[in-house]
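For reference, the chains in residue letters:
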Amino acid sequence: MRKKGKREKKGKGAEKTAAKMEKKVSRRAKKEEEDLEALIAEFQSLDAKKTQVIESTCPPPSPRLNGSLSAHPEKDELILFGGEYFNGQKTYLYNDLYVYNIRKNSWSKVEIPNPPPRRCAHQAAVVPTAGGQLWVFGGEFASPSGEQFYHYKDLWVLHLATKTWEQIKASGGPSGRSGHRMVACKRQLVVFGGFHESARDYIYYNDVYAFNLDSFTWSKLAPSGIGPTPRSGCQMATNPEGSIIIYGGYSKQGPKSEKRKRRRGRQAEAEGAGDEEMEKQPPQGPVEIVKEVVAEDGTVMTIKQVISGPAEEKERSESEEEEDGALGQQVEPCPRSNAMLAVKHGVLYVYGGMFEVGDRQFTLSDLYSIDLHKMEEWKVLVEMDPEAQEWLEESESDEEEDDKEGAEGGEEEEESSEEESEDEGEEEPHPSVQLDESHADYLSRTEQYWIKLARSNMGPEAKEKKVVKVALAMAKTFYEDSV
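The following refers to the structure shown. (Residues numbered from 1 in each chain as written. Predicted model: local features only at pLDDT ≥ 70, side-chain atom pairs only at ≥ 80, totals over all residues. Heavy atoms only, no water.)

1. What to know about unusual backbone geometry
The bulk of non-glycine residues show a negative phi, and the bulk of peptide bonds are trans.
Moving on, step 1. For arginine 187, which is not a glycine, the phi torsion comes out positive at approximately 60°.
Moving on, step 2. Tracing the backbone through its elements, the reader meets arginine 187 in the loop between β12 (181–184) and β13 (188–192).
Moving on, step 3. Residue arginine 187 is classed as partly exposed on the basis of its relative accessible area of 36%.
Moving on, step 4. The phi dihedral of phenylalanine 216 is positive, around 55°, even though this residue is not glycine.
Moving on, step 5. Looking at the element boundaries, phenylalanine 216 is found in the loop between β16 (208–212) and β17 (217–221).
Moving on, step 6. Classification of phenylalanine 216 as partly exposed rests on a relative accessible area of 34%. (Helix = DSSP H or I, 4+ residues; strand = E, 2+ residues; numbered from the N terminus. Buried < 20%, exposed > 50% of the residue type's maximum accessible area, 1.4 Å probe, protein only.)

2. Re the environment of phenylalanine 362
Moving on, step 1. Tracing the backbone shows phenylalanine 362 in strand β24 (residues 360–371).
Moving on, step 2. Note on phenylalanine 362: relative accessible area 6%, which makes it buried.
Moving on, step 3. Linking phenylalanine 362 and phenylalanine 86, residues 276 residues apart in sequence, is a C-alpha distance of 8.9 Å.

3. Concerning the side chain of serine 337
Moving on, step 1. Within the secondary structure, serine 337 sits in the loop between α4 (318–327) and β22 (340–344).
Moving on, step 2. Within polar-contact distance, the side chain of serine 337 engages the side chain of asparagine 338 at 2.8 Å. (Polar contact = N/O pair within 3.5 Å; in protein donor to acceptor, adjacent residues only side chain to side chain.)

4. Some points on the pattern of salt bridges
Moving on, step 1. One pass over the full model with this rule turns up nine salt bridges.
Moving on, step 2. One salt bridge in this structure joins arginine 336 and aspartate 366, with 2.8 Å as the shortest N-O distance. Remark: aspartate 366 occurs in strand β24 and arginine 336 occurs in the loop between α4 and β22; sequence separation between them is 30 residues.
Moving on, step 3. In this structure aspartate 366 comes out as buried when scored by relative accessible area, which is 5%. (Salt bridge = Lys/Arg side-chain N within 4 Å of Asp/Glu carboxyl O.)

5. As for the environment of cysteine 58
Moving on, step 1. Its place among the elements puts cysteine 58 in strand β1 (residues 54–58).
Moving on, step 2. Separated by 49 residues in the primary sequence, cysteine 58 and tryptophan 107 place their C-alpha atoms 5.7 Å from one another.
Moving on, step 3. Residues in contact with cysteine 58, not counting those within four places in the same chain, are Tyr98, Trp107, Ser108 and Lys109. (Contact = heavy atoms within 4.5 Å.)

6. Describing the sheet that holds β16
Moving on, step 1. Within the open sheet, the four strands sit side by side as β12-β13-β16-β17. Their pairing is antiparallel. Edge positions in the sheet fall to β12 and β17, since each has one partner strand and no second. Each neighbouring strand pair of the sheet contributes to a mean axis angle of 20°, computed without reference to strand direction. (Pairing = 2+ DSSP bridges. Axes fitted to C-alpha atoms, helices over the stretch in contact; angles between N-to-C directions.)

7. Regarding the pairing of strand β10 (residues 155–159)
Within a regular beta strand, the side chains point alternately toward one face of the sheet and then the other, so they alternate between its two faces.
Moving on, step 1. In terms of burial, β10 is largely enclosed, as four of its five residues are buried.
Moving on, step 2. Bridge count between β10 and strand β11 (residues 164–168): five bridges; the pairing is antiparallel. Bridging from a neighbouring strand, leucine 158 pairs with tryptophan 165 of β11.
Moving on, step 3. The turn joining β10 and β11, which pair antiparallel and follow one another in sequence, is formed by four residues; a positive phi near 55° is taken by lysine 163.

8. A closer look at the packing of aromatic side chains
The geometry of an aromatic ring pair comes down to the distance between the two centres and the angle between the two planes.
Moving on, step 1. Under the criterion given, the structure shown has 19 aromatic pairs.
Moving on, step 2. Taken together, the aromatic side chains of Trp135, Phe137, Tyr209, Phe211, Phe216 and Trp218 make up a single cluster linked through ring pairs.
Moving on, step 3. Above the face of the phenylalanine 43 ring, arginine 118 is positioned so that its terminal group lies 4.0 Å from the ring centre.
Moving on, step 4. In this arrangement the basic side chain of arginine 177 is found over the ring face of tyrosine 205, its NZ or CZ atom lying 4.1 Å from the centre. (Phe/Tyr/Trp six-rings, centres within 6.5 Å; stacked < 30°, edge-to-face > 60°. Lys NZ or Arg CZ within 6 Å of the ring centre and 35° of its normal.)

Structure below.
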């Protein structure tokens, strides 16, 4: 019998290691989902204690983004549901319901028994049936750390006349997702796109589903022609002819390198250097600042703002300032993303959202309106001072916990590590983790090595996407075992 060569033994050992690592990552992802389901169930048990409808006048809702704002089909009201808020250390998800009275410029909170679980990045659509209905589909729930996500695929309807929530259970609908879009069109709810995030990758969709509001059934549509590419965070609307228009959106390219967080990343050093140069040589005239911000659900917001230069401001005379004071300063919403929008009687209403300054995120709770027929001026209905909100800086201990997350395992994982070390005894050492090196930096530096290793283990016929998944799983496991 031929004795196994060193190369053959090495290849089989590495293949065994890759399979174990992938299994380990899958087990961790399943555990995270189970943990989130338990947390959602805990919140639902609290909601189940509500037995009657309570409607009370209240101040404007707390700051939030990624909620839904819908116009009541029969009343001069706007309906706000769900959303999220991040204070720098903790993520809060909501399933509360607020109603804004347009004529009175007042808010009321409506507590209704058995509401949908807390969520953000969902979609809502209203129809005039039976005194008005608010339909809600999908969205996501995030752990308090903002690092684990659960994507819903449930469908709910709020009967506005009776103020009752009802979950509609119908098979054949879209998979769990957030960042999708939904519109009501010809007695149907049409859902397009969105994305799903797991422990290892992002999946973007361009499928189209329709829910029939008469038969309460889902169907997957297959429109002819060349459709939009997979995306989330796009804009979708219907026109009077009954067609649906889709514009823009976002799709992350390449493998997932690390867990998505509600935390915003630090700005690049190059961007900071550019800011310093601008400070050293202030412009003398108006400057247009253009910035692209990627929202939580994948939306790319391009913000353009014109800022007056110092020289121009100095040239303003006292008479001009007095004139401005007499006429009143022009108001408009500050740049933002993930705001909630609704249109009623030809007037656009914009509520909340967020913007960033450095590493800090400002979450808003202001309300503006503009007449779409005149497009002359914004009206501020609810003001807010962003400086007054809470922001907690992430502590070093929090960062250490983030790095160590998932590193602790049971006996099965320890045994796997021992077997892996035996199999890899004759292999070349993997790239070591440098002192104080983050997971993202380590992956950026060594990603090609792990992809090459995974490719050699899995063979030339393995699909590239599968190879990348295994490579990232191997790199992540090695990094966590090293720190």
